[in-house]
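What follows is the residue order along each chain.
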Amino acid sequence: MTILGIAGSLREGSYNRALLRAARELLPAGVELVEHDVRDLPFYDGDVEAAGDPEPVIRLKEAIRDADAVLIATPEYNRGVPAVLKNAVDWASRPPLASPLTGKPVAIMGASTGRGGTARAQEQLRAALEFSRATVLEQPEVLVPEAYMRFDEHGELVDGGIRAELAELVDTLVRVASDVTLAA
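My aim in this report is to walk through the structure given alongside it, one point at a time. (Residues numbered from 1 in each chain as written. Predicted model: local features only at pLDDT ≥ 70, side-chain atom pairs only at ≥ 80, totals over all residues. Heavy atoms only, no water.)

**Considerations on helix 3 (residues 55-66)**
No. 1: With 12 residues, helix 3 extends 16 Å from end C-alpha to end C-alpha; this agrees with the ideal 16 Å at 1.5 Å per step.
No. 2: The set of residues buried in helix 3 consists of Pro56, Val57, Leu60, Lys61, Ala63 and Ile64. The arc that holds the buried residues of helix 3, viewed along the axis, is 160 degrees, so those residues lie on one side.
No. 3: On its buried face, helix 3 sits against strand 1 (2-7), strand 3 (69-73) and helix 4 (83-92). (Helix = DSSP H or I, 4+ residues; strand = E, 2+ residues; numbered from the N terminus. Expected span 1.5 Å × (residues − 1). Buried < 20%, exposed > 50% of the residue type's maximum accessible area, 1.4 Å probe, protein only. Arc of directions from axis to C-beta. Contact = heavy atoms within 4.5 Å.)

**Describing the side chain of Asn16**
No. 1: By the element assignment, Asn16 lies in helix 1 (residues 15-25).
No. 2: Ignoring sequence-local partners within four residues, the contact set of Asn16 consists of Ala73, Thr74, Pro75, Met109, Gly110 and Ala111.

**What to know about unusual backbone geometry**
No. 1: Each neighbour pair has its own omega, and for Arg94 with Pro95 the value is -10 degrees, a cis peptide bond.
No. 2: Structurally, Pro95 is set in the loop between helix 4 and strand 4 (105-111).
No. 3: Residues Gln139 and Pro140 are joined by a peptide bond in cis, for which omega reads -5 degrees.
No. 4: Tracing the backbone shows Pro140 in the loop between strand 5 (135-136) and strand 6 (142-144).

**Observations concerning the pairing of strand 2 (residues 32-35)**
No. 1: Two elements, strand 1 and strand 2, share 4 bridges in a ladder whose sense is parallel. Note that in strand 2 the partner of Ile3 across the bridge is Leu33.
No. 2: Chirality of the crossover, the property in question, places the unit of strand 1, helix 1 and strand 2 among those that are right-handed. (Pairing = 2+ DSSP bridges. Right-handed = clockwise from strand over helix to strand, strands pointing away.)

**Brief notes about the pattern of salt bridges**
No. 1: Tallied over the entire structure, the rule returns 13 salt bridges.
No. 2: The residue Arg150 makes a salt bridge to Asp159 at a minimum N-O spacing of 3.3 Å.
No. 3: One salt-bridge network, in which partners are shared between bridges, spans Glu12, Arg17, Arg24, Glu35, Asp37 and Arg39. (Salt bridge = Lys/Arg side-chain N within 4 Å of Asp/Glu carboxyl O.)

**Section: the side chain of Thr118**
No. 1: Position of Thr118 relative to the elements: it lies in the loop between strand 4 and helix 5 (119-131).
No. 2: Once residues within four sequence positions are removed from consideration, Thr118 is found in contact with Thr74, Pro75, Glu76, Gly110, Ala111, Ser112 and Leu143.

**A few points about the environment of Ala147**
No. 1: Structurally, Ala147 is set in the loop between strand 6 and helix 6 (160-183).
No. 2: Under the relative-accessibility criterion, Ala147 is labelled buried at 0%.
No. 3: Note: C-alpha distance between Ala147 and Asp53 (94 residues apart in sequence) is 36 Å.
No. 4: Residues contacting Ala147, with those up to four places away along its chain left out, are Tyr15, Ala111, Ser112 and Thr113.

**Here we look at the packing of helix 4 against helix 5**
No. 1: Helix 5 packs onto helix 4 with a crossing angle of 10 degrees between their chain directions and a minimal axis gap of 10 Å. Relative to helix 5, helix 4 is oriented roughly parallel. Facing helix 4, whose interface residues are Leu85, Lys86 and Val89, helix 5 presents Leu125, Ala128 and Leu129.
No. 2: Across the contact of helix 4 with helix 5, the residue classes break down as 5 nonpolar, no polar and 1 charged. (Axes fitted to C-alpha atoms, helices over the stretch in contact; angles between N-to-C directions. Parallel < 35°, antiparallel > 145°, perpendicular 65-115°, else oblique. Nonpolar A, V, L, I, M, F, W, Y, C, P; charged D, E, K, R; others polar.)

**Topic: the pairing of strand 4**
Residues in a regular strand point their side chains to alternate faces of the sheet.
No. 1: With respect to burial, strand 4 is a largely interior element, 7 of its 7 residues being buried.
No. 2: A two-sided burial pattern is seen for strand 4, the buried positions comprising Pro105, Ala107, Met109 and Ala111 on one face and Val106, Ile108 and Gly110 on the other.
No. 3: The pairing of strand 3 with strand 4 spans 4 bridges and is parallel. Of the residues in strand 4, the one forming a bridge with Ala73 is Met109.
No. 4: In terms of handedness, the path from strand 3 via helix 4 over to strand 4 forms a crossover that is right-handed.

So, in structure tokens, the structure goes:
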């Protein structure tokens, strides 16, 4: 089984990239997490789409189609989802009736330096993904507030409570993806 990991932060040293690495460590045997970088996606533009998807968009859609599930780690910028991540969802949601997101199991998590732990960004991202007909996990939630206290200087998740929540999220995503595969 393959899980596609997407970080909504472009920084190499971001807490959300570190959260994806921690998720990889918690995967059961036989499951791999493959990260996809969304930095090269052009801004969504219907005219560009009408002329044909650019290569970075094609790669994103293929990665989503090829994966059994998607795990997104989002920061929260100005009480919302980062533009780069919303842009990726906008491209992946097209065309509306044949989106690679349709029926795809998706889990959302996020880390921030603030106290809210990305709750608002996750809510906005969930709405965009559900509108795109993805199967978005409602629970468990992984909200990592004050991330500087949860990760060490090497980007390792050292908070046992958050690690347990992350393990539950990963296990749930794998179970849901397995159920979808069996039903197909």
